[in-house]
Amino acid sequence: MPGPEQGRPEEPRESGPPAADPVESLMARVARGDEDAFAAVYDALSGPVFGLVRRVLRDPVRSEEVTQEVFLQVWQKAPNFDAARGRAKTWVLTLAHRRAVDAVRHDQAAADRDARYDWSGGPAYDQVADEVTVRLEHEQVRRCLGTLTDLQREAVGLAYYQGHTYAQVAAILDANPATVKTRLRDGLIRLRDCLGVTA
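Residues numbered from 1 in each chain as written. Predicted model: local features only at pLDDT ≥ 70, side-chain atom pairs only at ≥ 80, totals over all residues. Heavy atoms only, no water.

Caption draft 1: Structural context of the pattern of salt bridges. Enumeration over the complete set of coordinates arrives at eight salt bridges. Taking the shortest distance from any N to any O, the salt bridge between arginine 99 and glutamate 69 comes out at 3.5 Å. With arginine 99 in helix H4 (residues 88-116) and glutamate 69 in helix H3 (residues 60-77), this residue pair connects regions lying 30 residues apart in the sequence. Given a relative accessible area of 31%, glutamate 69 falls into the partly exposed group. Among the ionic pairs, aspartate 193 bridges to arginine 192, the shortest N-O distance being 3.3 Å. Judged by relative accessible area, which is 35%, arginine 192 ranks as partly exposed. (Salt bridge = Lys/Arg side-chain N within 4 Å of Asp/Glu carboxyl O. Helix = DSSP H or I, 4+ residues; strand = E, 2+ residues; numbered from the N terminus. Buried < 20%, exposed > 50% of the residue type's maximum accessible area, 1.4 Å probe, protein only.)

Caption draft 2: Summary view of helix H2 (residues 35-57). With 23 residues, H2 should cover 33 Å at 1.5 Å per step; its first-to-last C-alpha distance of 29 Å lies more than 12% under that length. Along its length, H2 shows its largest kink, about 50°, at leucine 45, and proline proline 48 lies within four residues downstream of that point. Of all the residues in H2, the buried ones are Ala37, Phe38, Val41, Leu45, Ser46, Val49, Leu52, Val53 and Leu57. Among the structural elements, helix H1 (22-31), H3 and H4 are those in contact with the buried residues of H2. Between the side-chain oxygen at the start of H2 and the backbone nitrogen of aspartate 36 there is a gap of 2.9 Å, and the oxygen is on aspartate 34. (Expected span 1.5 Å × (residues − 1). Bend = angle between axes of the 7 residues up to and from the residue. Contact = heavy atoms within 4.5 Å. Polar contact = N/O pair within 3.5 Å; in protein donor to acceptor, adjacent residues only side chain to side chain.)

The structure is reproduced here in C-alpha cells:
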C-alpha cells in the first residue's frame, strides 16, 4: 500500500524540450505576409490581449479599439519578432500593454486639454490661420513637384491628381506599366524627401 506521501500515483515526467508553441511558427509566417497565419494568431491571442487592455483601460469600447490597433501593429511589426529573445505570446502582450498605457496617457492628455480650454464662446476655429496653413502647404507641394523630372511629374499628376490607374497612366503616356510604376515610385520618394515626410 502506498504511504501517506504516495497517495497519488506519480505522473509521468516529460522528457526532452517542451513542445514548441504553435504561435511561434505562425509568427514566422505572419512576418512573410501570410494572412491565414495572422488570422490564426489573432484567434489564439485576441482574448488575452483584450483582457490585458481591458484591465488597463477599463472602458470596453476603447479596449476593443486598442486591441485592433495592437493586432495591426503585430501585422506590421511581425518581421521584428525574434523567437530567440522570447515567446510570441509574451511579445504580443508586451505590445498590448505598451499600447494600452499609451492610450491612457493620450486620453488623459486630451481630457486635460479639454478641461483647460475655455468653451464659453468665440469662433469655432481660426479661419485666417487655417487658410494661411493650407496656402503654405499647397505652395510647398507645388515647389516640390517642380523638383521632379517631366516624366515623373506627368505620371504623378495623372495618377494622384486625376485619379488614373497604373494601366490608364501607361496607356495615356504610351509607356510600359512597369516603367510607369518606376516613375511614380521615384517621383513619390523625391516628393516625400522634399516635403520632409518621415516614414
